[in-house]
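# Inside the fold
Here is what each chain is made of, one letter per residue.
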Amino acid sequence: MLLNQIFVMLNIKLEKKVKKSFKFMKILILCIHLIYVLLNQIKLNLIKMKKLITSSIIGILGLLIVSCGGDKSTEQTAAAPAASNETAAPAADNGNPSYDPERGEGKFKDVEVGATLDVAMADAGTKVYDVKCSSCHKLTDEKLVGPGWAGVSKRRTPTWLMNFITNTNDMIDKDPELQAQLELCLVRMPNQSLSDDEARQLLEFMRKNDGVK
Amino acid sequence: MKNINYKIASLAAICTVAGMVSCKPKSVENAVTGDASVKAYVAPGKYDEFYNFVSGGFSGQMSVYGLPSGRLFRVIPVFSTDPEKGYGYSEETKPMLNTSHGFVPWDDLHHVQLSKTAGEIDGRWVFGNANNTPRIARIDLTTFRTNEIIELPNSGGNHSSPFITENTEYVVAGTRFSVPPDDANGDVPINTYKQNFKGTLSFVSVGKEDGKMDIAFQILCPGVNFDLSRAGKGVSHGWFFFSCYNTEQASTLLEVNASQRDKDFILAVNWKKAEEYLKAGKGRKQAVKYAHNVYSDVTHSATSEIKTEVTVLDSKELADICYFIPCPKSPHGCDVDPTGEYIVGSGKLAALIPVFSFDKIQKAIAAKSYDGDFEGIPVIKYESALYGEVKKPGLGPLHTEFDGKGNAYTSMFVSSELVKWNIKDLKVLDRASTFYSVGHLCIPGGDTKTPNAKYVIAYNKITKDRYLPTGPELSQSAQLYDISGDKMQLILDFPTIGEPHYAQACAASVIKDKQVKIFKIGENKHPYVAMGEKEAKVVREGNKVHVYMTAIRSHLTPDNIEGIKVGDEVYFHVTNLEQDWDVPHGFAIKGASNAELLIMPGETQTLKWVPTKVGISPMYCTDFCSALHQEMTGYVRVSPAGSSTPLHFSTGTNLAASEGSKAKK
């Protein structure tokens, strides 16, 4: 294309020009640099002044709203998905008074289980276990990646279990025992995207595993 | 404080004036004003306001950036293999790159188009064109993966593509290199261009729901070079406009021979009329061969089908489909304003920009205001189609985007600048230098009915002194300008992959909330899926060995495999059992002659491995997945060809050799 030729010509012209005005540009650049430094200092002073005023305002406001939680940006950091992939220290919400260690945290409030086993449900739970859980959990008390499941339905309330397997990330961040468990296993339990039905079936399967007839 | 501000302002003014007097802002020290960094700054942990889909040119891929930060999020493999993602290397993705010429691992992706509904970006798909071996790809914006590629017969280089109509009825492809039709004897002297070479325009229909592409019809045209195109919209919906150069019909030294005529053409195509002819059975069925490749997110596999027929409408025989409009000096861009009334031609060697009026074109056709014909197609009189000319816009006008406020922005390749001008009075309003040699430009929604004109981005061919040098080849780049005010303000430079040609941008909100986070394992219909570790196994069929493997943090099952022999074809079908977002697993094995696999949660992907050496081959997960990622490994024992080592696989229980042999007895 002709374009290329024109462009090459233009370039040569440009470079000649640049060479000629090189000396002058050097001086100019120096000038600009000095002005820039000066400007920056003025800016810095301005920012300092602003900061002083803002921080005192924030201080006063802060006194008024002590009870509020962290601001948005820190919340976002705590919930960052990166934390679920790597070991990152669990973002402990120590002294979180709203957390109920019996119920856990999640959408389930009072999960009721029958006195006897719902066999159909437990069988469906077997399939869920095979696909989504068995890679890491044995049915005995032996630890594989995570703890074995023997006795789990007796150690934990049904509501806590249902919440944990469906709201895994939040629970690991908040439950003191899960945080202790994480220190042992070093792998955060993945959220396996269980539906409510699958979660309930799994709970029945855990009960079956613990001898409920 | 007011006093200080005043001082700053006056200093800045002095500085600017001094700068302007001395030389044009054509060097690295260009006039980037103080608040530029604030405008382009997106704080860590915050989202960008726009997605920017940028063609990767000769990389064959498409990249995704955030605006205004210029941060690179993803490189989507489209027409070139990508060992990082296993694209074109896994057994499942190899068919995506199949063509009538066989497996083609590279291409040149020039233009991108986001799907539209009612002339607005709907965020469902983005299309890309292959300029070398003519193809169109459709990328699904819920997965950001290439889901479909269709090859184009009767074409010699698909450049004026993949531009789409306002409801994504069609995505078009105009051949840049005219060639003899596929069913003709192509073994002809090259200097018989005028007799034997033809141009074709393909209209590829797009399924309303599933986006599936199909060549609805092709329009046979005189042999010229079709360069760019745009669909009409609003008043001009139903029409398509293609720029043409080389109306000299040269086949050698086009640099000179295709630049002879004072005017080439913009071809106006009445595709609604073409549809009527198609319905009336006026098309000719032509025997051709082209590949149609579709990826399924259910089987997690692609299929490639070779199709053998296409319907061709002859523009010479069928009246009222095609009209040529003279356009000065080898037009490149051919862009339609938000109302659909104005068509901007950019003669890349012209010193003016002609703006055509759709209304006048219609009247000229009705009044048969023609200047003869070109190979049987009427040529409308220049003045009868012309709304007006933008005088002295700059040198080398290429492409135009619109702000929806009555203004157009045109890129100037030779004079390296963006020029803002008013469509009604054709007056130049502002100029901004680019560094250097801008090709395409993009305004978010800049080709829609209602552009979101906050920024314009220049995509440059040359960076010269803009970045730290990296040997003979330097980065190509994009430059972001704030256009919320009257004047363009340069606020950011960012490097791009390959060569950026056209790009499009849209509000993040249109796309970000419909992302697929995982593939549901229960819905995985891959023929070699392992639904849980219970189904992990190794099956030998002659010299083919299928390994049904699972991956979950942090082990592979099986992770000990014995009984593989030199020369076996081993297929590792790895299912990622994870069901959580952002937890892919990788898979690699020593000596594999292809690449790694990168397997998304709930997905199955297959790596073929043909061991060539006796010994132990380690395999491992390549994508850091957990604290015990380094433990996510395994071994394959390779025995000599013809040996009798029994097939054996396990995880966690492999017995020592002596115990193993005892146990077997």
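Residues numbered from 1 in each chain as written. Chains lettered and ligands numbered in written order. Predicted model: local features only at pLDDT ≥ 70, side-chain atom pairs only at ≥ 80, totals over all residues. Heavy atoms only, no water.

On to the overall build of chain B, then. In terms of regular secondary structure, chain B is built from eight helices and 45 strands. At 28 Å, chain B has a C-alpha radius of gyration in line with the 26 Å of a compact globule built from 665 residues. Taken over the C-alpha atoms alone, chain B extends approximately 95 × 80 × 45 Å along its principal axes. The burial tally for chain B puts 59% of its 665 residues in the buried class. The long-range share in chain B, meaning contacts at least 24 apart out of those at least 6 apart in sequence, stands at 63%. If you average the places of the 70 positive and of the 74 negative side-chain charges in chain B, the two averages end up 1 Å apart. (Helix = DSSP H or I, 4+ residues; strand = E, 2+ residues; numbered from the N terminus. Rg over C-alpha atoms; globule rule 2.2 N^0.38 Å. Buried < 20%, exposed > 50% of the residue type's maximum accessible area, 1.4 Å probe, protein only. Contact = heavy atoms within 4.5 Å. Lys, Arg positive; Asp, Glu negative; His and termini not counted. Charge placed at Lys NZ, Arg CZ, Asp CG, Glu CD.)

Residues and elements named next belong to chain B. The sheet built from four strands is open, its strands ordered 30-31-32-33 with antiparallel pairing. Every interior strand has two partners, whereas the edge strands, strand 30 (438-442) and strand 33 (489-496), have only one. Mean inter-strand twist for the sheet, computed between neighbouring axes without regard to direction, equals 25°. In this sheet, strand 31 (residues 455-460) lies alongside strand 30 in antiparallel orientation, the contact comprising three bridges. Bridged to L441 within strand 31 is A458. (Pairing = 2+ DSSP bridges. Axes fitted to C-alpha atoms, helices over the stretch in contact; angles between N-to-C directions.)

Let us now look at unusual backbone geometry. Residues and elements named next belong to chain B. Backbone torsion omega between F435 and Y436 reads -10°, so that peptide bond is classified as cis. As for its position among the elements, Y436 is in the loop between strand 29 (428-433) and strand 30. Between T557 and the following residue, P558, the backbone shows a cis peptide bond with an omega angle of -5°. A positive phi angle is found at F144, which is not glycine, with a value near 55°. Along the chain, F144 falls in the loop between strand 8 (135-140) and strand 9 (145-151). Look at F144 and you get buried, because its relative accessible area is 8%. Phi is positive for E375, close to 50°, though the residue is something other than glycine. Its location among the elements puts E375 in the loop between strand 23 (370-374) and strand 24 (377-380).

The next point concerns the state of the cysteines. Counted under the stated rule, the structure contains zero disulfides over all chains. C136 of chain A supplies the cysteine sulfur nearest to C133 of chain A, a cysteine that is in no disulfide, at a spacing of 8.8 Å. Residue C221 of chain B stays outside any disulfide, its sulfur separated by 4.5 Å from that of C322 of chain B, the closest cysteine. (Disulfide = S-S within 2.5 Å.)

Here the focus is the pattern of salt bridges. Residues and elements named next belong to chain B. On inspection of all chains with the given rule, the structure shows 42 salt bridges over all chains. Note that D122 and R124 form a salt bridge whose closest N and O atoms lie 3.4 Å from each other. Classification of D122 by relative accessible area gives buried; the value is 14%. Under the relative-accessibility criterion, R124 is labelled partly exposed at 27%. Salt-bridge contacts for D493 lead to R466; the nearest nitrogen and oxygen are separated by 2.9 Å. Separated by 27 residues along the polypeptide, D493 in strand 33 and R466 in the loop between strand 31 and strand 32 (476-482) bring together distant segments of the chain. Counted as one network, the salt bridges with shared partners bring together K116, R230, D335, E401 and D447. (Salt bridge = Lys/Arg side-chain N within 4 Å of Asp/Glu carboxyl O.)

Turning next to the packing of aromatic side chains. Residue and element names in this part refer to chain B. Applying the stated criterion across every chain, the model contains 31 aromatic pairs over all chains. Both rings, one in F572 and one in F587, keep their centres 4.9 Å apart while their planes meet at 45°; by these two values the pair is tilted. With F572 in strand 39 (residues 569-576) and F587 in strand 40 (residues 585-589), the pair connects residues that are 15 residues apart, well separated along the chain. Taken individually, F572 and F587 each receive the classification buried, so the pair is uniform in this respect. On the numbers, 5.9 Å between centres and 40° between planes, the contact of F572 with W609 is tilted. (Phe/Tyr/Trp six-rings, centres within 6.5 Å; stacked < 30°, edge-to-face > 60°.)

The next subject is the sheet that holds strand 40 of chain B. Residue and element names in this part refer to chain B. Spatially, 41-40-43-44-38-45 is the arrangement adopted by the six strands of the open sheet, whose pairing is mixed. If you trace the sheet from one side to the other, it starts and ends with strand 41 (597-599) and strand 45 (648-650), each paired once. The sheet shows a mean angle of 20° between the axes of neighbouring strands, direction not considered. Pairing of strand 43 (residues 615-620) with strand 44 (residues 633-639) involves six bridges; the strand directions are antiparallel. Bridge pairing links I616 to R637 in strand 44.

So, about the packing of helix 7 (residues 158-166) of chain A against helix 10 (residues 196-209) of chain A. All names here are of chain A. It is at 10 Å that the axes of helix 7 and helix 10 come closest, and there the two elements cross at 130°. If you check the angle between helix 7 and helix 10, you find them oblique. Here helix 7 and helix 10 pass one another in a crossing that is right-handed. Here P158, L161, M162, I165 and T166 of helix 7 lie close against helix 10, whose contacting residues are D196, A199, R200, L202, L203 and M206. The residue inventory of the contact of helix 7 with helix 10, partitioned by class, reads eight nonpolar, one polar and two charged. (Parallel < 35°, antiparallel > 145°, perpendicular 65-115°, else oblique. Left-handed = near helix turned anticlockwise from the far one by under 90°. Nonpolar A, V, L, I, M, F, W, Y, C, P; charged D, E, K, R; others polar.)

Here we come to the packing of helix 5 (residues 119-133) of chain A against helix 10 of chain A. Residues and elements named next belong to chain A. Where helix 5 meets helix 10, the axes come as close as 7 Å, and the angle between the chain directions of the two elements is 100°. With respect to their mutual orientation, helix 5 and helix 10 come out roughly perpendicular. Residues M121, A122, D123, A124, G125, T126, V128, Y129, K132 and C133 of helix 5 form the contact with helix 10, whose participating residues are E198, R200, Q201, L202, E204, F205 and K208. Of the residues in the contact of helix 5 with helix 10, the class split is eight nonpolar, three polar and six charged.

Residues and elements named next belong to chain A. Mapped onto the elements, P147 comes out in the loop between helix 5 and helix 6 (152-155). As a C-alpha pair, P147 and T159 span twelve residues in sequence and 19 Å in three-dimensional space. Residues contacting P147, with those up to four places away along its chain left out, are H137, E142, Q181 and C185.

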